Amino acid sequence: MDTKLEPIVKIIQEKFSATFEEFRDEVHLFLKPEQIVEALTLLRDEHKFELLSALTAVDYYPQVSPRFHVVYQLTSLAQNLSLQIRVPVNGTSPKVPTATGLYGVANWRERELLDMFGIEFEGHPDPRRILMPEGTEGHPLRKDFPLGYEEPQFTFNFDEIGLQKPHPKE
Amino acid sequence: MTQIEEVSIEQFKHLVSARALTGETMLLNMGPQHPSTHGVLRLLLELDGEIIVNCIPDIGYLHTGIEKNMEAKTYQKAEVMTDRLDYMNPMGNNLAYVMAVEKLVDLDVPVRAQGLRVILVELQRIASHLVWLGSVGLDLAAMSMFLYCFRERELILDIFELVSGQRMMTTYFRPGGVWRDVPVEFEKAVRDFLKIFPARIDEYEKLLTKNPLFLDRMLGLGILDSATALSYGVTGPTLRASGVNWDLRKARPYSGYEQYDFNVPVLTEGDTYARYLVHIQEFRESLKIIEQALNKLPFGPVHSENRKFVPPPRSEIGVSMESLIHHFKLWTEGFPAPKASVYSAVESPRGELGLLLEGDGGPKPLRVHLRTPSFDNLSVLSHIVNGHLVADLVAILASIDIVLGDIDR
Amino acid sequence: MGVEQKLGDMGVVTTTLENVVNWSRTNAMWPMLFGLACCAIEMMAAQASNYDMSRFGMELMRASPRQSDLMIVAGRVSKKMGPVLRRLYDQMPEPKWVIAMGDCASCGGVFNNYAIFQGVDEVVPVDVYVAGCPPRPEALIHGVLTLYEKVNKEKFKDLAEKYK
C-alpha cells in the first residue's frame, strides 16, 4: 500500500470499523450504506479526494447477501492517490443514500445505477431512467436479466428466422 | 415497438423553471437527429426568447449494451467490443482494456510492444482531435476545416491499416502485447507523417486561431471553473482548459510514458476558446511523444512468452504438441482470471477512460464497467450553457468533445 | 465534348420519360445528414477530401428529412432510437431509399443483445446493405452506385402500384 494512503485508510477503518482488502496495490474499503455519505464527506473535505472517478455496481447473483456491491472509485489529484470504497447491499431492491450533495457527477451515475441495476438512491433529486427508454421492464445489467441473444440469420435458416422477424411497411 | 410515446411536461416538472409550466418560456427539442449534436444526443431546452434557461440532456439513443455483452464473452473476445465504444479512439480503448486484463492476471508486456502502443495511441489522439477540430469548424460554419482535417486523418488511418489491416476498428493490442509486429514500412510512414504534420497545424492555426469570426463565436463562452469541473468528474482537455493540471500520462505513467519528455498544456480561462487552444497544443505534444518513442523503439518480441495467456505463433503449432494444446485451450475456453477486481485508467483524448474489471475465477469477466469520459463531461453541460444563446450552445457542445458511443455504451 | 457533339445541329434528343426521370433522380440524390455511430465517421470521411462523394451528385447532406431522398443508416440502431428512426423515415417525401451501412445496421453485427435491433430492416425497408465494420468509404460509394443501378431500373408502373 502507498505510504500516503495508509494513514487515511487507518482513519476510515477506525472511525467506521470498516474492513479492507488489497489486490495489486489497490485498496478496497468496505462500508455500510448508512456510513457512505459521512465517509465521502470526510474523504473529500479532509483528505482532498475531490474527484469521484467512477460510481458503479457489481451484481453477485444468485448470492443474496450481499447481492450488490456499490463501488465508489475516488481519486485525489493533489496527492495522486486512488481509493475504492465498496458498499455491500442485500436483497433485490436495495437502497443507498445519495451522494449528489457531495459530487455533481453522482447525479447521472446514480441514475445509471437505478436504470441498470435497480439500486435506489434515497434523496436523489431526479430519479428517472437515463439510458433505457421509459417504460422498460427490468434492469439490464442484473445477472438474472437475459442477454437478449437472437439466432443469426444464415443461408440454411434464412426463411425460418425471417418468419419471426418483423417486416416494416413501406 | 416503433411507436413514439407522447411525453407530458409532468415528467420534467422538477427540472424546468416555474415559468415553463405557465407557458411563458418555450420548451424545444434539439435532437436526437440534429446536425450539431454530434450523433444522437437529445437536448430539451427551455428558452426565453433565444436565451437558454434550462438544458436537460437526454441520452441513451445509442445504448448498445456493451458492458452486458462483454460479460457474456471470454477475455479475448470481449476486446472487439471496446473498439466500438468510443469510435474516435479505438486504440486507446484497446489499451485501457488490455491494461486492465494484464493487471488482473499479472501479465508482462515486452518493451517493444509498449513503445508501439504509445506510438499508435498518440497517433489515435491526433486523429481524434482532428475529427474534433473538423466538426467544430463544421458547427461554426468553417467547412474548409473539416476538409483539411479529414485529409490528414487519412494519413493516420493508412498507418493503422498498415499495422492491423483495418482503418478504424483495429483490435491491434492484445493482452500481453500486440497482435503481431509492425511491417517494415511502418517507420517510414510514421516519419513521413511527423514531417508533414507540424506545417499542417500551422495551417489550421492560420485559419482559425486569430480569425475574428471564429473568436467572436468562441471567446468567453461556456465558462467552466475548476471546482465545478472536478465535482462533475470532468477530465481531459476540458479539465485542463479550466486550469487543473491533471493528465494520467504524467500523473500515473503507464506503458512507458515516464521515459518521454512532453508538456501538459494547461489554460485557466475555462471557456470554449481555451478548450480549442488546449486541443491544438496537444497536437504538438503528441508529435513530440511519437518522435521520441519511435527513436527509442527497441527490437525484440512484441508479445509476452507466457503461453497460458498469449496464443503461440502459427509456426510453433505444427511442431510442438504443447503449443497446440495451448492454442486449443485459449481459443475454445479462454484463460481464467482470479476472483478479484482491478481498476485501470488511461488518458483518452477525452479524459480518463477507466475500466473496472472483476473476474470470478472463470474465463469470462463477472463485471466490466467502462468509466467513459464523455459521460461525465456531458453531465456538466447543463451548468455551463444557462444564459447563453441557442447558437452558442452549438459551440459549447462542440468544444467539450463528446462522442455518443462513449456516453451511451 | 458532351451532348453538343452528339447532337450536331439537330437539337433534339429522343428518350423515354422513365430514363430521364431515373437519371435525374440518381444524379442529384441528397442523403440525410444523420449519423448514428462509428459508421457515421466513415460516412464523413466519404464526404471529405480523399473520397469526395460529391463526384456522384451527393455533396449536399440535408439535415432535414423533408429535403432528402436517401437515408443512410450509419451505425447501430438501439431500441430507444428505432421509433425516432421510423419517424424520420416517415417524414421523408416519396420517392425515398434506405442504405443500411455497416454490419450493425444490416444484421446487428457484433452486438447481439437486448439493446440493439438485429438489423434496421426491422424498422424501415432497406434497399442496399453495405457490409463492413465499419465499411470503407469506397464500400459506401459502391453501395450508393448499386442503389443508382437499382433506381435506374425502376418502372413508373411499379411505382404507381406502390403508391396507390
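Here, every reference points to the structure presented above.
Residues numbered from 1 in each chain as written. Chains lettered and ligands numbered in written order. Predicted model: local features only at pLDDT ≥ 70, side-chain atom pairs only at ≥ 80, totals over all residues. Heavy atoms only, no water.

Let us now look at the overall build of chain A. From N to C terminus, chain A includes four helices and seven strands. When the elements of chain A are put in sequence order from the N terminus, they spell out α-β-β-α-β-β-β-β-α-β-α. A compact globule built from 170 residues should have a C-alpha radius of gyration of about 15 Å, whereas chain A, at 21 Å, is more than 25% larger. Across the 170 residues that make up chain A, the buried fraction comes to 51%. Surface summary for chain A: the accessible area is close to 8100 Å², and the carbon and sulfur share equals 52%. Put simply, chain A has 18 plus and 27 minus side-chain charges, and the middle of one group is 3 Å from the middle of the other. (Helix = DSSP H or I, 4+ residues; strand = E, 2+ residues; numbered from the N terminus. Rg over C-alpha atoms; globule rule 2.2 N^0.38 Å. Buried < 20%, exposed > 50% of the residue type's maximum accessible area, 1.4 Å probe, protein only. Areas by Shrake-Rupley, 256 points an atom, 1.4 Å probe, with all protein chains shown as cover. Lys, Arg positive; Asp, Glu negative; His and termini not counted. Charge placed at Lys NZ, Arg CZ, Asp CG, Glu CD.)

Glancing now at the environment of A:Gly138. Residue and element names in this part refer to chain A. On the secondary structure map, glycine 138 appears in the loop between β7 (120–122) and α4 (158–164). A sequence separation of 112 residues divides glycine 138 from glutamate 26, and the C-alpha atoms of the two residues are 33 Å apart. With residues near it in sequence (within four places) discarded, glycine 138 still touches Asp115, Arg129 and Phe145. (Contact = heavy atoms within 4.5 Å.)

Bringing the interface of chain B and chain A into the picture now. Each side of the interface is counted separately: chain B has 50 residues, and chain A has 47 residues. Along the contact surface separating chain B from chain A lie six salt bridges. Among the ionic pairs, B:Glu71 bridges to A:Lys143, the shortest N-O distance being 3.2 Å. Linking chain B with chain A are 25 residue pairs in polar contact (both at pLDDT 80 or more). Among the elements that make up the side of chain B that touches chain A, the one with the highest residue count is strand β8 (residues 365–371) of chain B (five residues). Residue composition of the side of chain B that touches chain A, grouped by class: 23 nonpolar, 12 polar and 15 charged. (Salt bridge = Lys/Arg side-chain N within 4 Å of Asp/Glu carboxyl O. Polar contact = N/O pair within 3.5 Å; in protein donor to acceptor, adjacent residues only side chain to side chain. Nonpolar A, V, L, I, M, F, W, Y, C, P; charged D, E, K, R; others polar.)

The geometry of an aromatic ring pair is captured by two quantities: the separation of the ring centres and the angle between the planes. Residue and element names in this part refer to chain B. Using the criterion set out here, one finds 17 aromatic pairs over all chains in the structure. Both rings, one in phenylalanine 197 and one in tyrosine 204, keep their centres 6.4 Å apart while their planes meet at 70 degrees; by these two values the pair is edge-to-face. Here phenylalanine 197 falls in the buried class, since its relative accessible area comes to 0%. The buried category is assigned to tyrosine 204, whose relative accessible area is 0%. A centroid spacing of 5.0 Å and a plane angle of 80 degrees characterise the contact between phenylalanine 309 and phenylalanine 335, whose relative ring orientation is edge-to-face. In this pair, phenylalanine 309 is assigned in the loop between α12 (272–296) and α13 (314–317) and phenylalanine 335 in the loop between α14 (321–332) and β6 (341–348), connecting sequence segments 26 residues apart. Just as phenylalanine 309 is buried, phenylalanine 335 falls in that class too. Site record: aromatic cluster; members linked through ring pairs are Phe193, Phe197, Tyr204 and Phe283. (Phe/Tyr/Trp six-rings, centres within 6.5 Å; stacked < 30°, edge-to-face > 60°.)

With that settled, the discussion passes to the interface of chain C and chain B. The partner chain B presents 38 residues to the 40 residues of chain C that form the contact. In this structure, C:Glu42 engages B:Arg167 in a salt bridge whose closest nitrogen and oxygen atoms are separated by 2.7 Å. For the pair chain C and chain B, the number of links is 15 residue pairs in polar contact (both at pLDDT 80 or more). Its residues placed into classes, the side of chain C that touches chain B shows 27 nonpolar, six polar and seven charged.

This part is about the sheet that holds strand β3 (residues 51–58) of chain B. Residue and element names in this part refer to chain B. Read across the sheet, three strands follow the order β1-β2-β3 without closing on themselves; strand pairing throughout is antiparallel. One side of each edge strand has no neighbouring strand; the edge strands of this open sheet are β1 (26–30) and β3. Shown here is a sheet whose adjacent strand axes are inclined to one another by a mean of 25 degrees, direction ignored. The sheet contact formed by β1 and strand β2 (residues 42–48) spans five bridges and is antiparallel. Its bridge partner lying in β2, leucine 27 is registered against glutamate 46. (Pairing = 2+ DSSP bridges. Axes fitted to C-alpha atoms, helices over the stretch in contact; angles between N-to-C directions.)

On to helix α7 (residues 185–208) of chain B. All names here are of chain B. The terminal C-alpha atoms of α7, which comprises 24 residues, lie 34 Å apart, in line with the 34 Å expected from a rise of 1.5 Å per residue. Largest kink in α7: about 30 degrees, centred on phenylalanine 197, with the proline proline 198 one to four residues after it. By the burial criterion, the buried members of α7 are Phe186, Val190, Phe193, Leu194, Phe197, Ile201, Tyr204 and Leu208. Where α7 is buried, its residues meet α5 (111–139), α6 (143–164), α8 (212–218) and α12. (Expected span 1.5 Å × (residues − 1). Bend = angle between axes of the 7 residues up to and from the residue.)

With that settled, consider unusual backbone geometry. Between A:Tyr61 and the following residue, A:Pro62, the backbone shows a cis peptide bond with an omega angle of 5 degrees. With respect to the helices and strands, the residue A:Pro62 is situated in the loop between β3 (51–59) and β4 (68–76). For the bond running from C:Glu94 to C:Pro95, omega is -5 degrees, close enough to zero to count as cis. Tracing the backbone through its elements, the reader meets C:Pro95 in the loop between α4 (82–91) and β2 (97–101). For A:Ser17, which is not glycine, the phi dihedral falls at a positive 45 degrees. Relative to the helices and strands, A:Ser17 is located in the loop between α1 (5–16) and β1 (19–23). Its relative accessible area of 58% is what places A:Ser17 among the exposed residues.

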